[in-house]
Amino acid sequence: MTVIERFLKYVSFDTQSSEDSQTTPSTAKQMVFAEYLKSELEELGLEEISLDENGYLFATLPANMDKDVPVVGFIAHMDTSPDMSGEHVNPRIVKDYDGTDIQLCTEENIVLSPKQFPELLDHKGEDLIVTDGKTLLGADDKAGIAEIVGAIAYLKAHPEIKHGKIRVGFNPDEEIGMGAHKFDVEKFGCDFAYTMDGGEVGELEFENFNAASAKVLVKGRNVHPGYAKNKMINSLLVASRFVSLLPPVETPSHTQDYEGFFHLVGMKGEVEQTTISYIIRDHDRTKFEARKCRMQRVADFLNAEYGEGTVTVELKDQYYNMREKIEPVMHIIDIAFHAMEEAGVTPKVKAIRGGTDGAQLSFKGLPCPNIFAGGLNFHGRYEFVPVQSIEKAMNVVIKIAELVAKR
Ligand SMILES: [Zn+2]
């Protein structure tokens, strides 16, 4: 089976995860796919294959050399986004893409056009796997799974390529932020790993946001408006002052690259009581802490005017930038970098403006940068992946295995 045949087989499984579920995996259909993948790994002759009750599938390709080298892992997620259906995915390959509009669905006139998606033009002359316009594709992250399994199959078939012990790990529920939660890092037993879950060819990521949520509670004092002079505190007005006291340009719509922000995500209230919700993001840990302090200072400022206890801020850290966990093992970035170059790919190091499973795994003791899987326009009907990108990512996995053994 070629890596593309694998990929097309994988997207035929509906593995959409669900935010409304309390179970792991969040949907039973992910387990169906996990069982199928397990049988593929068995067929490939892998060892130490385990699929636990939470849907985490691990396996080993044993070393084929004596030298003692680090154990490296490759990780991808099995679920697809709750944002769009992944049922009856009906992919089509547009061969030798000529740079024009691609009609995804004629009856509903759904068109994948370089006018909206100029990145299509970077893939002129390549073979693009697209949807029929009715579902997402699932390249996020079944491209990653196909690349890993494809690379393992290749290494199996080419024993002349020497490598150490390699572990593969496929997890559920990444799209609902729960992919790393029940990932048994100890059982996985790797010195370091890579998630194959990035987008465009060349992406190499080992920095993400530090993240916190803030719930601001404003208590008012309601009095009949005709007799309210010097008595009423309108929590809605205090809340709006709170909002206006945060820097107006430090919001998602005015920031990029390494710029952090306060993001107002909700406001709900009446005269008596108002709640405001924020998320706080910053790559820099010091600036991140300063942002949290700033929220508290705004609350203190307003409390000085309206009375202690009018405004309370409840802060909760969500995740941290994996960079601090990667820095002590920077050679794993060098390895990925050189593997890409050897696979003919120009590495593009980029800071993630979000979080990843890899970040959580890094803080659980498994340093885990993220590498491109090749797909674009994730989570919707315009998702596509070039055949050539999948092949390149697979080659990067093979090269990493090779380079780890050579060091
Ligand atoms: Zn993904």
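Residue numbering note: each chain is counted from 1, following its sequence as written. With the structure being a predicted model, the display of local features is reserved for residues of pLDDT at least 70 and the display and counting of side-chain atom pairs for 80 or more, all residues being used for whole-chain, interface and lining totals. Values shown for side chains rest on all heavy atoms present in the structure; no hydrogens or waters enter the calculation.

Asker: Hey, could you run me through the coordination of the zinc ion in this one?
Answerer: Six octahedral donors around a metal ideally subtend angles of 90 or 180 degrees, whereas four tetrahedral donors ideally subtend 109.5 degrees. Here the term donor refers to an N, O or S atom within 2.8 Å of the metal (or 3.2 Å for Na, K and Ca), and because water is left out of the atoms, sites may appear incomplete. Looking at the zinc ion, one finds its protein donor set to be His77 (NE2), Asp140 (OD), Asp197 (OD) and Asp197 (OD), positioned 1.9 to 2.7 Å from the metal centre. Only four donors with every angle between 85 and 135 degrees are called tetrahedral; only four or six donors with opposite donors over 155 degrees apart and all others between 65 and 115 are called square planar or octahedral, in that order; all others are irregular. Taken together, the four donor atoms surrounding the zinc ion define angles of 52 to 149 degrees at the centre, an arrangement classified as irregular. One chain supplies every donor for the zinc ion, spaced along it as H-x62-D-x56-D. Linking His77 in strand β3 (residues 72-77) with Asp140 in helix α3 (residues 139-157), this pair joins segments that are 63 residues apart in sequence. Taken individually, His77 and Asp140 each receive the classification buried, so the pair is uniform in this respect. The helix and strand labels rest on DSSP assignments: H or I over at least four residues marks a helix, E over at least two residues marks a strand, and numbering proceeds from the N terminus. Residue exposure (1.4 Å probe, protein chains only): buried if accessible area is under 20% of the type maximum, exposed if over 50%, otherwise partly exposed.

Asker: It is not clear to me how the pattern of salt bridges should be interpreted in this structure. Could you clarify?
Answerer: Any two side chains of opposite charge can pair, so long as their charged atoms come close to each other. Salt bridges, as used here, are contacts in which a Lys or Arg side-chain nitrogen is within 4 Å of a carboxyl oxygen on Asp or Glu. Under the counting rule described, the total for this entry stands at 19 salt bridges. Here Glu250 and Arg291 are joined by a salt bridge, their closest N and O atoms 2.7 Å apart. Here the residue Glu250 occupies a position in the loop between α5 (235-244) and β12 (261-269), and Arg291 occupies one in helix α6 (residues 285-306), the gap between them amounting to 41 residues. Take Glu250: its relative accessible area is 25%, and that puts it in the partly exposed class. A relative accessible area of 10% means that Arg291 is categorised as buried.

Asker: How should I be thinking about helix α2 (residues 28-43) in this particular structure?
Answerer: Because each turn of an α-helix spans 3.6 residues, side chains separated by three or four positions in sequence point in the same direction. Each helix should span, by expectation, one fewer than its residue count multiplied by 1.5 Å. If you check α2, its first and last C-alpha atoms are 23 Å apart, about what 16 residues at 1.5 Å a residue would give, namely 22 Å. Those residues of α2 not exposed but buried are Gln30, Phe33, Ala34, Tyr36, Leu37, Glu40 and Leu41. Seen along its axis, α2 keeps its buried residues to an arc of 165 degrees; they face one direction. In α2, the exposed positions that point more than 90 degrees away from the buried face belong to Ala28, Val32 and Glu43. The contact rule is simple, with two residues in contact once any of their heavy atoms fall within 4.5 Å. Residues of α2 that are buried in the fold lie against α1 (3-10), β1 (47-51), β2 (57-61), α3 and β8 (166-171). The directions from the helix axis to the C-beta atoms form the arc being described.

Asker: Please clarify how the sheet that holds strand β15 (residues 348-351) should be interpreted in this entry.
Answerer: Note on sheets: strands pair through backbone hydrogen bonds, and any given pair is parallel or antiparallel. Between any two strands, pairing holds if DSSP finds at least two bridges. Ordered in space as β1-β2-β8-β3-β9-β16-β10-β15, the eight strands form an open sheet in which the pairing is mixed. Both edges of this open sheet fall to β1 and β15, since each of them pairs with a single strand only. Sheet twist, expressed as the average angle between the axes of neighbouring strands with direction ignored, equals 25 degrees. Where β1 lies against β2, three bridges are found, and the strand directions are antiparallel. Its bridge partner being in β2, Glu47 is matched across the sheet by Thr60. With axes taken as lines fitted to C-alpha atoms, and helix axes fitted only over the stretch in contact, angles between N-to-C directions fall between 0 and 180 degrees. This element, α3, spans β2, β3, β8, β9 (192-198) and β16 (370-372) of the sheet and lies at about 145 degrees to β3. The strands that helix α8 (residues 331-342) touches are β9, β10 (203-207), β15 and β16; relative to β10, the one it contacts most, it runs at about 170 degrees.

Asker: Mind showing me how you'd approach the sheet that holds strand β7 (residues 128-130) here?
Answerer: Judged by pairing direction, the sheet is antiparallel, and its three strands sit side by side in the order β4-β7-β17 without closing on themselves. Two strands bound the open sheet, and with one partner strand each, they are β4 (92-94) and β17 (385-386). Across three bridges, the pairing between β4 and β7 is antiparallel. Across the sheet, Arg92 pairs through a bridge with Val130, a residue of β7.

Asker: Explain the nonpolar core to me, please; I cannot follow it from the model alone.
Answerer: In this structure, Phe7, Ile145, Phe170, Tyr194, Ile371 and Ile400 are the most contacted members of the largest nonpolar core, which totals 70 residues. Of all the elements, helix α10 (residues 387-406) adds the most residues to this core, at 11 residues. Leave out the neighbours within four places in its chain, and Ile400 touches Val72, Phe74, Tyr194, Ile335, Ala336, Ala339 and Ile371. Ala214, Val216, Val218 and Ile276 belong to the second largest nonpolar core, which has 20 residues in total. By convention a nonpolar core is built from buried Ala, Val, Leu, Ile, Met, Phe, Trp, Tyr and Cys residues, the set being connected through side-chain atoms within 4.5 Å.

Asker: Explain the domain arrangement of the protein chain to me, please; I cannot follow it from the model alone.
Answerer: Reports of interface size often rely on the accessible area that becomes lost once the parts have come together. Source of the domain bounds: an automatic or database domain assignment. The domains assigned to the protein chain are domain 1 (3-208 + 322-406) and domain 2 (210-319). Once you take the C-alpha centre of each, domain 1 and domain 2 turn out to be 39 Å apart. Between domain 1 and domain 2, the contact holds eight residues from the first and 10 residues from the second. The interface formed by domain 1 and domain 2 holds one salt bridge in total. Among the ionic pairs, Arg285 bridges to Glu324, the shortest N-O distance being 3.2 Å. Within 3.5 Å is the distance limit for a polar contact, defined as a pair of N or O atoms, with the added protein rule that one can donate a hydrogen and the other accept it, and that residues adjacent in sequence qualify only through two side-chain atoms. Where domain 1 meets domain 2, there are eight residue pairs in polar contact (both at pLDDT 80 or more).

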